[in-house]
Every structure is written in C-alpha cells, then in structure tokens.
Amino acid sequence: MKLSPREAEGYFAKPDAGKAGLLIYGSDAMRVALKRQQVLSALLGEGAEEEMRLTRMPGGDLRGEPALLLDAVKAVGFFPGPRAVFVEDATDVAAPAIITAFEDWATGDAQIIVTAGQLKPSSKIRKAFESHPAAYAVGIYDDPPSRAEVERVLAQAGVNNIPPDAMSAITELATAISPGDFTQTIEKLSLYKRGDDTELALEDIEACAPSSTEAALDDVLNVVAEGRAGEISPLIRRLQSQGTNAVSLCIGATRHFRTLYACAADPGGAAQGVGKLRPPVYGKRRDRILRQAQGWGAPKLQTALTVLTDTDLSLRSAGQTAPAMALVERAMIRLAMLAKSR
C-alpha cells in the first residue's frame, strides 16, 4: 500500500507493529535516514539493539544469500517486544529475497523495514510493498518540512517556550538548510537553552544556526550596502577561498539590491515594503534591510541594479579578458562609494 506524504507523517510517528513491512525511498539519503530512525524508534522503543530485537543488513548482502532476510524475520528473540529487520540501501537485486519473506511472513514475525534510493514505479521492490495488503511504501521528496515536522523535531529536542516570531524564524531556517543540518541545529539550540526558561529569542537562533558561505556572502553585501568600501577586498578574498565564483557573487548582490529596491519603492514606504518580503525576514536582519533600503532610496537603488546588470553582462561576455573577480570587486567598491554619495 502506498502512503501519501500526509498519511506518512502520522504513520512515522505511530507505526503499526502488526504490519509486515515498510519501504522508505528517496533521492536524499539524509531525509530517508531521518525518517527511518523515527520509525524504528517509535516501533521498537528503547533498547531494541541491546535486546537484539533489531537486525541490520545491507541490501547488497541479499544478492548472494537471499535466505538471510527470511531467517532474520523468523528468528525468535530472547526478549519480549516488537522486532524488526532493517535492510539498508536496497536495490532491485534484493527484490527476490523481500518477495519470498513477504510470502512466508506471519503475524508475530519481525517487521521488514527497507530503505532505498530513488525508485521508479516499475521497481520490483516498490511493487512488492505497494501491492502487499500488510505493507506500506513511502516516497520521501525534497519538499520543505511541514509545520508539524518542525514542531516534532523541536519537541523531541525539548525546545519549548517559543514565541510566534521565533517559530517563524525556525520554520524559515528549516527550508533553507538540509534536514540533517536542521536537526543538528535544534539539538544545539536545546543545549544552548538548557536551564534557561525564558522565551526562545531570535538571537538564540542566530547563535546556533550553521555558518556557511551564504553567511560570508551576506557579510560582503552588507558591507557594500552600508558604504564600507575599505572592508570589501578582504571579505571577497575570503569568499574566493571558500570557492565562491564571480558570477555567484554578482547574482547574490543583484538579489540583495532587488530586495532593497522592493522595500524602498513600496508605495507605503520601506517599513511596509519589508513586511511584504517573502520569505519574511525577522529580527536584526529585518532591521538591517530596512535601514539599508531607507538609506539608499529607490533612485539610487535603480542605479545600483544597473551597475550590477552591466557587470553580469561583462562576466558573461565571450570577449571578456579581465579577471572576473576583479570586475566584481570593482563593481562592489563602486556601489559602496555610491552608498555614501548624496
């Protein structure tokens, strides 16, 4: 049986111990692994491995020894409680062993939990799980996590007392980074707030959020927008050492200045414009964007976008011979000087 994403979320939280099996597949191995961990924890409870109620095996091992799976499913444990056999990274070479195990599966046997990469509808493994009346198949896609998923991760980590603005910031963060990074960030946030019963603040989230190349790019763009020309070259060297190329820097700058222009050109003023940004911005970042938009004004921001468009065209020109990063650096310095002009 195939579960929809909404049905799957409920099943991951409360799996049925009486079912024959569950297939979790998808192109993002981290997303699949996180869902598998959630299911096994909810299905088997604490101490499953110590009590030998969980058997692990690579999917590749079933090519040469297909009976391994059925033997593990039928094995009788020494400890009471639900049992499971986890088959990792399965491909269609494991399908005969899985089909055989399903044919002989009976109530009281271990449940078969299988993870796999992206599987086509014609996959033998998918067909085996989707056609079995007591088994489920779930595809995991690269969609942003739902509010329910975010709340579940927070609850598991013991992070509570979250005001609306902090929850919005956490939800935005969940869509911006990978699932693994998000889970680690929430665990870090839990430790950061340990023993602190005050409301979760935006500053707490910023302190625990992962730093990345995007953070370094934001540093450069803020320096440019605030007219601090002398700080541009060292920051660009830092970005370059992290692997950022000139085109990416130019695209990032154009996006930033378009955001400022959207705020500055709003009929209700920059403060109203920043409130219309999607995704929304909060806290110090919101204040900074508002301050920059008000300082520049719409006319100068139009000039800045023209400079960036010309620079982008130069970078993409077949006849361009000057070093690309030097061209972008010159444009950044020009914009910083424009920020200070009257």
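Residues numbered from 1 in each chain as written. Predicted model: local features only at pLDDT ≥ 70, side-chain atom pairs only at ≥ 80, totals over all residues. Heavy atoms only, no water.

Chemist: Sorry, what's going on with the packing of helix H7 (residues 147–157) against helix H9 (residues 179–192) here?
Modeler: Think of two packed helices as two axes; the pair is described by the angle between the axes and how far apart they sit. Between H7 and H9, the shortest axis-to-axis distance is 9 Å and the interhelical angle comes to 40 degrees. Taken together, the axes of H7 and H9 are oblique relative to one another. Both H7 and H9 take part in a crossing whose hand is right-handed. Every residue of H9 that contacts H7 at Val150, Val153, Leu154 and Ala157 is listed here: Phe182, Thr183, Ile186 and Ser190. (Axes fitted to C-alpha atoms, helices over the stretch in contact; angles between N-to-C directions. Helix = DSSP H or I, 4+ residues; strand = E, 2+ residues; numbered from the N terminus. Parallel < 35°, antiparallel > 145°, perpendicular 65-115°, else oblique. Left-handed = near helix turned anticlockwise from the far one by under 90°. Contact = heavy atoms within 4.5 Å.)

Chemist: Could you clarify how one ought to interpret the packing of aromatic side chains in this entry?
Modeler: Here the distance between the centres and the angle between the planes together describe a pair of aromatic rings. Tallying each qualifying case throughout the model produces three aromatic pairs. Here the aromatic rings of Phe257 and Trp296 are separated by 5.2 Å at their centres, their planes lie at 80 degrees, and the arrangement is edge-to-face. In this pair, Phe257 sits in helix H13 (residues 246–264) while Trp296 sits in helix H15 (residues 283–316), placing the two residues 39 residues apart along the sequence. Across the pair, exposure class does not vary: Phe257 and Trp296 are buried alike. One Lys or Arg, Lys300, reaches over the ring of Trp296 and ends 5.6 Å from the middle of that ring. (Phe/Tyr/Trp six-rings, centres within 6.5 Å; stacked < 30°, edge-to-face > 60°. Buried < 20%, exposed > 50% of the residue type's maximum accessible area, 1.4 Å probe, protein only. Lys NZ or Arg CZ within 6 Å of the ring centre and 35° of its normal.)

Chemist: Help me understand the nonpolar core, please; the structure alone is not making it clear to me.
Modeler: One recurring pattern in soluble globular proteins is that nonpolar side chains are buried together. Of all hydrophobic cores here, the largest spans 39 residues; its most connected members are Leu249, Phe257, Trp296, Met332 and Leu335. Elements supplying a minimum of two residues to this core: helix H11 (213–225), helix H12 (232–241), H13, helix H14 (270–275), H15 and helix H16 (324–340). No other element matches the 10 residues that H15 contributes to this core. Those residues within four positions of Trp296 in sequence are excluded, and the remaining contacts are Val224, Ala225, Phe257, Leu301, Ala304, Leu335, Leu338 and Ala339. In this structure, Met57, Ile98, Ala101 and Ala110 belong to the second largest nonpolar core, which totals 30 residues. (Core = buried A, V, L, I, M, F, W, Y, C linked by side-chain atoms within 4.5 Å.)

Chemist: Explanation requested: the pattern of salt bridges in the structure shown.
Modeler: For side chains of opposite charge, pairing can occur when their charged atoms come near one another. Under the definition given, this model contains 18 salt bridges. Measuring nitrogen to oxygen at the nearest pair gives 3.3 Å for the salt bridge that ties Lys193 to Asp204. Taken together, the residues Lys193 in the loop between H9 and helix H10 (202–208) and Asp204 in helix H10 connect sequence positions 11 residues apart. The class of Lys193 is buried, set by a relative accessible area of 11%. Asp219 is the salt-bridge partner of Arg238, the closest N and O atoms lying 3.5 Å from each other. With a gap of 19 residues between them, Arg238 in helix H12 and Asp219 in helix H11 connect regions that are remote in the sequence. Under the relative-accessibility criterion, Arg238 is labelled partly exposed at 36%. When salt bridges that share partners are traced, they join Glu9, Lys35, Glu149 and Arg152 into one network. (Salt bridge = Lys/Arg side-chain N within 4 Å of Asp/Glu carboxyl O.)

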